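Understanding the architecture of this molecule
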Amino acid sequence: MADRVTVIGWDGSPLTDAARSALAAATLVAGAAHHLALPEVPPAAERVRLGSVDLAARRIAGHRGSAVVLADGDPGFFGVVRTLRAPQHGLEVEVVPAVSAVATAFARAGMPWDDAQVVVAHSRDLRRAVNVCRAHPKVAVLTSPGAGPAELALLLGDVHRTFVICEELGTEREQVTVLTSDKAPDHHWRDPNVVIVIGGSGSAGPVAVPGWGATRPRAGGGWIAGRDPGYPPAVRGWALPADAYGSDLGEGEATELRAAQLARLGPRVGDLVWDIGSGCGAAAVEAARFGAAVIAVDRDPDACARTTAVARRYGVQLQVVHGAAPQVLEDLPEPDVVRVGGGGPAVVAAAAARRPERIVAHAATRDEAEAIGRALAEGGYGVECTLLQAVELDTAAWSERERSVAFLLSGRRTHL
């Protein structure tokens with residue numbers, strides 16, 4: 001095993017004294033081509049091109065002497081430190097950090113970033129990063145080959161955002177470009193790059209970027225990173241009652257039924273939720289409050305308007321689609337979980353054909369429940385059905401105020 005392993009972050013600035021000292025003593029240096037070309041790299045040192053970090057870690061583990069790994073930005077922030085310290089390699093490392101690419105990108109844009117989500121995009125799971133961009137007003141995306149600004153914009157589709165694209169930060173070829181997401185596929189972007197994605201109903205408005213015009217930043221600050229202190233409003237709890245949404249809840253939106261539906265769906269950051277038959281938007285908004293991206297679908301234009309209004313009220317990002325299911329579902333991106341608030345077995349079958357992990361629906365009668373259950377089972381889902389009865393009481397007289405009864409059906413994908 002190497003006698004000493006030092007990981008040095010590089011952001012284009014002159015190397016620190018600690019970094020120079022570690023390099024001077026190195027008998028093996030691993031890094032990208034531009035790192036290995038640095039004049040501080042000893043001519044006699046063994047050089048390893050850093051393609052696969054796992055392969056480099058094995059080389060370092062078998063090396064006798066002092067090893068240095070050079071990496072862009074802060075190597076402890078979505079960087080090589082995690083892989084080098086993995087149990088299978090057994091490497092103890094010293095780290096000389098640098099400014100992360102995300103911090104540099106926001107500095108170039110002149111924006112704070114304590115309220116930003118930060119995601120890493122790979123071609124194999126780019127849709128997860130896209131879903132975060134759908135759901136949150138400020139996201140930094142660390143891209144990779146095959147999962148860059150153009151691919152990000154194409155998957156966003158009709159969800160328009162502002163892109164701040166920072167190419168080759170810290171080098172002589174550094175460039176910062178601001179454009180709308182629909183224009184990103186028209187360009188060729190150099191790696192590595194960071195994309196700051198801004199916009200949506202819950203954002204503070206357009207971006208303040210030097211040289212591209214100023215905007216109004218949100219006042220005040222927060223106490224936890226990754227959250228906008230202004231949104232959503234301080235509302236505690238979920239499955240809120242009807243008066244929280246300013247309208248009468250529909251048959252499939254009763255508080256207790258909605259709570260059970262959300263519990264079975266388990267929406268989370270990185271997911272895309274379809275809410276088909278969104279009604280007043282209660283379930284869609286609450287799924288978005290969990291951090292998921294949500295597409296709310298309804299054939300009633302008034303319902304779409306109510307959903308849009310309640311999303312704005314609670315400061316969450318939603319895409320509202322007006323149209324009749326199942327036809328309107330054909331052009332929507334792939335969901336992770338689906339709530340069917342209306343449409344019956346035909347819509348459930350159409351949703352099942354898109355293979356989400358979970359589907360929930362409800363029925364007012366046993367015959368309808370059996371039909372929905374068959375649609376789920378034939379689509380390859382394990383089916384659970386529960387008869388829910390909720391009675392709201394007037395606590396002044398302890399008398400019954402309102403009663404609701406519904407069959408709750410949920411399906412879990414059992415095979416591909």
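Just above sits the structure.
This brings us to the overall build of the chain. Secondary structure summary: the chain contains 12 helices and 17 strands in total. Considering only C-alpha atoms, the chain reaches an extent of 85 × 50 × 45 Å along its principal axes. Looking at the chain as a whole, 48% of its 416 residues are labelled buried. Look at the contacts in the chain between residues 6 or more apart in sequence, and 61% of them connect residues 24 or more apart. Looking at the chain as shown, the accessible area adds up to about 19,900 Å², and 52% of this sits on carbon and sulfur atoms.

On to the sheet that holds strand β17 (residues 399–413), then. The strand order across the open sheet built from seven strands is β13-β12-β11-β14-β15-β17-β16, with neighbouring strands paired in mixed fashion. Of all strands in the sheet, those bounded by a partner on one side alone are β13 (319–322) and β16 (381–394). With direction set aside, neighbouring strand axes in the sheet form an average angle of 20°. Of the strand pairs in this sheet, β16 and β17 are connected by 14 bridges, and their pairing is antiparallel. Its bridge partner lying in β17, Thr-386 is registered against Leu-408. Those strands touched by helix α10 (residues 301–314) are β12 (293–298) and β13, and its axis lies near 175° from that of β13.

Moving on: the nonpolar core. If you look at the biggest cluster of nonpolar residues, it comprises 27 residues, and the most contacted ones within it are Trp-274, Val-340 and Ile-359. Contributions of two or more residues to this core are made by β11 (272–276), β12, β14 (337–340), α11 (344–352), β15 (358–363), α12 (366–378) and β17.

Checked against the element boundaries, Ser-144 lands in the loop between β7 (138–142) and α7 (149–156). Overall, the relative accessible area of 15% leaves Ser-144 in the buried class. In this structure the side chain of Ser-144 is engaged in a polar contact, spanning 2.7 Å, whose partner is the backbone oxygen of Ala-121. Apart from the residues lying within four places of it in its own chain, the contact partners of Ser-144 are Ala-121, His-122 and Ser-123.

Calculation criteria
- Residues numbered from 1 in each chain as written.
- Predicted model: local features only at pLDDT ≥ 70, side-chain atom pairs only at ≥ 80, totals over all residues.
- Heavy atoms only, no water.
- Helix = DSSP H or I, 4+ residues; strand = E, 2+ residues; numbered from the N terminus.
- Buried < 20%, exposed > 50% of the residue type's maximum accessible area, 1.4 Å probe, protein only.
- Contact = heavy atoms within 4.5 Å.
- Areas by Shrake-Rupley, 256 points an atom, 1.4 Å probe, with all protein chains shown as cover.
- Pairing = 2+ DSSP bridges.
- Axes fitted to C-alpha atoms, helices over the stretch in contact; angles between N-to-C directions.
- Core = buried A, V, L, I, M, F, W, Y, C linked by side-chain atoms within 4.5 Å.
- Polar contact = N/O pair within 3.5 Å; in protein donor to acceptor, adjacent residues only side chain to side chain.

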